[in-house]
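Fold and contact review
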Amino acid sequence: MGDCVVLLHGLGRTHRSMDRMAEALRAAGYATVNIDYPSREGPIEDLAPRAVGAGIADCERLDPRRIHFVTHSMGGILARFH
């Protein structure tokens, strides 16, 4: 297996806002995990382990060489907080 990319959307968005990026990454040979999380329904300290943890777990099931993150706005905050 090659590399896997976890995609995390921004505040007030859904995973669909990252669909085009996921498609481009898959076309470039990456496995992708596009995580949806309720960005307005909890504090960062609750959302980060849920969203980032789910992304890592989903990628790990694919046995990748490496796991990368592509984020937007709040998705980046979650990744950094985790």
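Described below are features of the structure shown in this document. Quick caveat: nothing in here was measured; it's all calculated off a predicted structure.

**A look at the state of the cysteines**
On inspection of all chains with the given rule, the structure shows one disulfide. A sulfur-sulfur distance of 2.0 Å marks the disulfide that ties Cys4 to Cys59. Measuring the twist about the S-S bond at about -70°, one finds the Cys4-Cys59 disulfide to be left-handed. Separated by 55 residues along the polypeptide, Cys4 in strand β1 (residues 4–8) and Cys59 in helix α2 (residues 44–60) bring together distant segments of the chain.

**A closer look at α2**
Look at α2: 23 Å from first C-alpha to last across 17 residues, which is about the 24 Å you get at 1.5 Å a residue. Buried within α2 we find Leu47, Ala48, Ala51, Val52, Gly55 and Cys59. Looking straight down α2, one finds that the buried residues subtend no more than 105° of arc, so they occupy a single side. Along α2, exposed side chains directed more than 90 degrees from the buried face belong to Arg50 and Glu60. Along its buried surface, α2 packs onto β1, β2 (31–35), β3 (67–71) and α3 (74–81).

Reading the values: the criteria
- Residues numbered from 1 in each chain as written.
- Predicted model: local features only at pLDDT ≥ 70, side-chain atom pairs only at ≥ 80, totals over all residues.
- Heavy atoms only, no water.
- Disulfide = S-S within 2.5 Å.
- Helix = DSSP H or I, 4+ residues; strand = E, 2+ residues; numbered from the N terminus.
- Expected span 1.5 Å × (residues − 1).
- Buried < 20%, exposed > 50% of the residue type's maximum accessible area, 1.4 Å probe, protein only.
- Arc of directions from axis to C-beta.
- Contact = heavy atoms within 4.5 Å.

Remember, this is a structural readout, not a statement about activity or role.
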